[in-house]
Amino acid sequence: MLRLSELNGFWSSLASAQRRCLLLDYDGTLAPFRVERDKAYPYDGVREALSNMIAARHTRVVIISGRTAHEIPALLGLKLLPEIWGSHGLERISPDGEYTPMVLPEDIAAALSAARQESDERSLSRYIEDKPGCLALHWRGLDQQEAEQLRRELLPSWAEIADNSRLQLSSFDGGLELRSELATKANAVTRVLTEESPECRAAYLGDDLTDEDAFAAIAGWGLGILVRKELRETQASAWLIPPAELLAFLAEWDETCADHNGRRHC
Ligand SMILES: [Mg+2]
């Protein structure tokens with residue numbers, strides 16, 4: 001597991017790259033968790049770091065989040081937008097603000113609707129987040145007993161729906177998610193990077209279990225980086241402790257690219 005002080009090889013390859021992509025998860029990675037999800041603003045210093053990088057145009061900066069794409073700009077609070085892939089890649093906002101949703105196949109839409117009905121029938125709507133291609137049950141902020149009760153109420157029916165459809169049931173820090181198998185961060189990473197030349201150097205920064213497939217997907221292009229206070233088993237090849245090491249990484253990235261900005265991203 002590489003630490004911040006051991007990335008010299010990566011910085012060298014980034015400096016000489018023709019193209020550069022910095023792919024970033026949002027919650028838990030750029031911003032600490034908040035029970036009030038609409039107030040999960042970035043760590044101090046992250047806005048400035050991203051603003052500098054976007055303005056310098058040496059790097060394609062892409063946020064890949066499980067949130068809906070439209071939630072991200074207000075939280076980020078940047079004048080110049082990065083590219084935003086929301087709902088695990090099922091929708092996209094380009095830096096000029098153009099919105100592009102992915103159309104879901106009918107079978108997936110029907111399975112999601114059945115899952116929504118299961119939660120409505122149990123009067124659990126207030127814990128449910130309805131996103132493109134995904135339903136999430138959130139128990140962050142509840143005590144352990146209440147959270148377990150919620151999980152037990154919905155898990156059997158959602159598991160059955162997942163078994164019989166192209167939806168996948170997975171856990172994240174603070175909830176359960178039933179999601180189209182097309183909606184993965186790995187798919188989003190792959191789609192971003194296949195738009196690039198093979199010479200592009202990239203990194204993906206994430207904290208959660210839903211970032212693990214993205215760590216695997218980016219392996220041929222650069223680094224998967226776990227951003228988390230405690231290390232856990234992961235497919236990432238490097239580990240940063242937020243916020244100090246995250247800010248140092250962003251600063252080093254910007255400095256490395258600014259020193260070689262004869263070759264710009266655009
Ligand atoms: Mg996260």
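Being a predicted model, the structure only gives us computed values, none of them experimental.

1. Here's the deal with the side chain of Glu196
Here is step 1 of the chain: Tracing the sequence through the fold places Glu196 in the loop between helix 6 (185-194) and strand 10 (201-206).
Here is step 2 of the chain: Given a relative accessible area of 8%, Glu196 falls into the buried group.
Here is step 3 of the chain: Among the polar contacts made by the side chain of Glu196, one reaches the side chain of Arg19 at a distance of 2.6 Å.
Here is step 4 of the chain: Engagement of the side chain of Glu196 in a polar contact is seen with the side chain of Arg60, the distance being 2.7 Å.
Here is step 5 of the chain: Excluding residues within four positions of it along the chain, Glu196 makes contact with Arg19, Cys21, Arg60 and Trp221.

2. Quick notes on the layout of surface pockets
Here is step 1 of the chain: Of the voids in this model, the second largest pocket is the one considered here, and its volume is about 180 Å³.
Here is step 2 of the chain: Around the second largest pocket sit Arg34, Val35, Arg37, Arg126, Tyr127, Ile128, Glu129, His138, Trp139, Arg140, Gly141 and Leu142, which together line it.

3. Re the domain arrangement of the chain
Here is step 1 of the chain: Entries for the chain in the domain assignment read domain 1 (4-102 + 183-256) and domain 2 (106-180).
Here is step 2 of the chain: Roughly 1,300 Å² is buried in total at the junction of domain 1 and domain 2, and carbon and sulfur atoms are behind 52% of that figure.
Here is step 3 of the chain: Linking domain 1 with domain 2 are one salt bridge, by the criterion used here.
Here is step 4 of the chain: With a closest N to O distance of 3.5 Å, Arg37 and Glu129 form a salt bridge.
Here is step 5 of the chain: Between domain 1 and domain 2 we count three residue pairs in polar contact (both at pLDDT 80 or more) in total.
Here is step 6 of the chain: The residue makeup of the side of domain 1 that touches domain 2, split by class, is five nonpolar, six polar and seven charged.

4. Some points on the sheet that holds strand 3 (residues 83-86)
Here is step 1 of the chain: Spatially, the eight strands line up as an open sheet ordered 5-4-3-2-1-10-11-12, and their pairing is mixed. Of all the strands in the sheet, the pair left with one neighbour each is strand 5 (99-101) and strand 12 (238-240). Going across the sheet, the axis of each strand differs from the next one's by a mean of 20°, ignoring polarity.

What counts and what doesn't
- Residues numbered from 1 in each chain as written.
- Predicted model: local features only at pLDDT ≥ 70, side-chain atom pairs only at ≥ 80, totals over all residues.
- Heavy atoms only, no water.
- Helix = DSSP H or I, 4+ residues; strand = E, 2+ residues; numbered from the N terminus.
- Buried < 20%, exposed > 50% of the residue type's maximum accessible area, 1.4 Å probe, protein only.
- Polar contact = N/O pair within 3.5 Å; in protein donor to acceptor, adjacent residues only side chain to side chain.
- Contact = heavy atoms within 4.5 Å.
- 1 Å grid on protein atoms, 1.4 Å probe; cavity = no way out; pocket = protein on both sides within 12 Å on 5 of 7 lines; lining within 4 Å.
- Points joined across faces, edges and corners; volume = space filled by probe spheres on them.
- Domains from an automatic or database assignment.
- Buried area = accessible area lost by both parts, 1.4 Å probe.
- Salt bridge = Lys/Arg side-chain N within 4 Å of Asp/Glu carboxyl O.
- Nonpolar A, V, L, I, M, F, W, Y, C, P; charged D, E, K, R; others polar.
- Pairing = 2+ DSSP bridges.
- Axes fitted to C-alpha atoms, helices over the stretch in contact; angles between N-to-C directions.

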